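Residue-level listing of the chains:
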Amino acid sequence: MRDLDFLIQRNILKTGNRLLNIRSDNLKAFDLTPNQSETLLFFDRHPGAIILDLKDYLQISHQAARNLVERMKEKDLLQAVVSDTDGRAKQIYLSPKGTAICNQLKQQGGRVGSELLRVLSEPEKEDLLHLLEKISSGTINQR
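Everything quoted here is computed from the prediction, not taken from an experiment.

A. Structural context of the packing of aromatic side chains. Scanning the entire structure with this criterion turns up two aromatic pairs. Centroid distance Phe-42 to Phe-43: 5.0 Å. Interplanar angle 75°. Geometry classified as edge-to-face. Taken individually, Phe-42 and Phe-43 each receive the classification buried, so the pair is uniform in this respect. Three or more aromatic residues link up through ring pairs in this structure, and these residues are Phe-42, Phe-43 and Tyr-57.

See the structure below:
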């Protein structure tokens, strides 16, 4: 059984590395880092969220999240608006440029995903998604 676990882990890593290399090439075209890409996708899914939400999502420090948002505002990818309910908080939204780039990233990701998963039937894809979500929700003990 241990050999099977190891083989599964190796195949997940191999696939992950392949996807990371493709993603890295795609992000270079937009002058984005992986964290900036994830930030665009986060605020696309959660418009009006605050930096604290991004910090929790990316599992980074508040300072790192704030710096990330500031750099992306300088690139005109994000916009900050003072919250109606809490004047101390700023809600973050994609700018029109950020929205356009985010849409392009999602299209590229969809094409890569389609190519990667073309060997699977729709029921197999659903099974794979379920299994990956189950794996992702578990905790890993590093010893």
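That covers the picture; the talk isn't over yet.
B. Seen up close, helix α4 (residues 62-74). Counted at 1.5 Å a residue, the expected span for α4 with its 13 residues is 18 Å, and the 18 Å between its end C-alpha atoms agrees. Within α4, burial applies to Ala-65, Leu-68, Val-69 and Met-72. In a view along the axis of α4, the buried residues occupy a sector of 95°, so they form one face of it. Against the buried residues of α4 lie α2 (34-45), α3 (51-58), β1 (78-82) and β2 (90-94). Positive backbone phi, approximately 60°, marks Asp-76, located one or two places after α4.

C. Examining the packing of α2 against α4 more closely. Packing of α2 against α4 brings their axes to within 11 Å, and their N-to-C directions diverge by 85°. By the criterion of interaxial angle, the relationship of α2 to α4 is roughly perpendicular. Between α2 and α4, the residues in contact are Asn-35, Gln-36, Thr-39, Leu-40 and Phe-43 and Leu-68, Val-69, Arg-71 and Met-72, respectively.

D. Representation of the nonpolar core. Formed by 22 residues in total, the largest nonpolar core has its most connected members in Leu-32, Leu-40, Phe-43, Leu-54 and Leu-78. Sorting the residues of this core by element identifies α1 (2-30), α2, α3, α4, β2 and α5 (96-116) as the ones contributing at least two each. Contact partners of Leu-78, with chain neighbours within four places excluded, come to Thr-39, Leu-40, Phe-43, Val-69, Met-72, Lys-73, Ile-92, Tyr-93, Leu-94 and Ser-95.

E. Highlighting the side chain of Gln-108. Checked against the element boundaries, Gln-108 lands in helix α5. A relative accessible area of 18% places Gln-108 in the buried class. Setting aside residues no more than four positions away along its own chain, Gln-108 makes contact with Asn-26 and Phe-30.

F. Quick look at unusual backbone geometry. A positive phi angle, close to 55°, is found at Asp-31, a residue other than glycine. Relative to the helices and strands, Asp-31 resides in the loop between α1 and α2.

G. Representation of the environment of Ser-95 in the model. Topologically, Ser-95 is positioned in the loop between β2 and α5. Sequence-wise, Ser-95 and Leu-117 are 22 residues apart; in three dimensions their C-alpha atoms are separated by 32 Å. When sequence neighbours within four positions are dropped, the list of residues in contact with Ser-95 reads Asp-76, Leu-77, Leu-78 and Gln-79.

H. View of the environment of Gly-109. Tracing the sequence through the fold places Gly-109 in helix α5. Along the backbone, Gly-109 and Arg-23 are 86 residues apart, and their C-alpha atoms lie at a distance of 8.0 Å.

What counts, and where the lines are drawn
Residues numbered from 1 in each chain as written. Predicted model: local features only at pLDDT ≥ 70, side-chain atom pairs only at ≥ 80, totals over all residues. Heavy atoms only, no water. Phe/Tyr/Trp six-rings, centres within 6.5 Å; stacked < 30°, edge-to-face > 60°. Buried < 20%, exposed > 50% of the residue type's maximum accessible area, 1.4 Å probe, protein only. Helix = DSSP H or I, 4+ residues; strand = E, 2+ residues; numbered from the N terminus. Expected span 1.5 Å × (residues − 1). Arc of directions from axis to C-beta. Contact = heavy atoms within 4.5 Å. Axes fitted to C-alpha atoms, helices over the stretch in contact; angles between N-to-C directions. Parallel < 35°, antiparallel > 145°, perpendicular 65-115°, else oblique. Core = buried A, V, L, I, M, F, W, Y, C linked by side-chain atoms within 4.5 Å.

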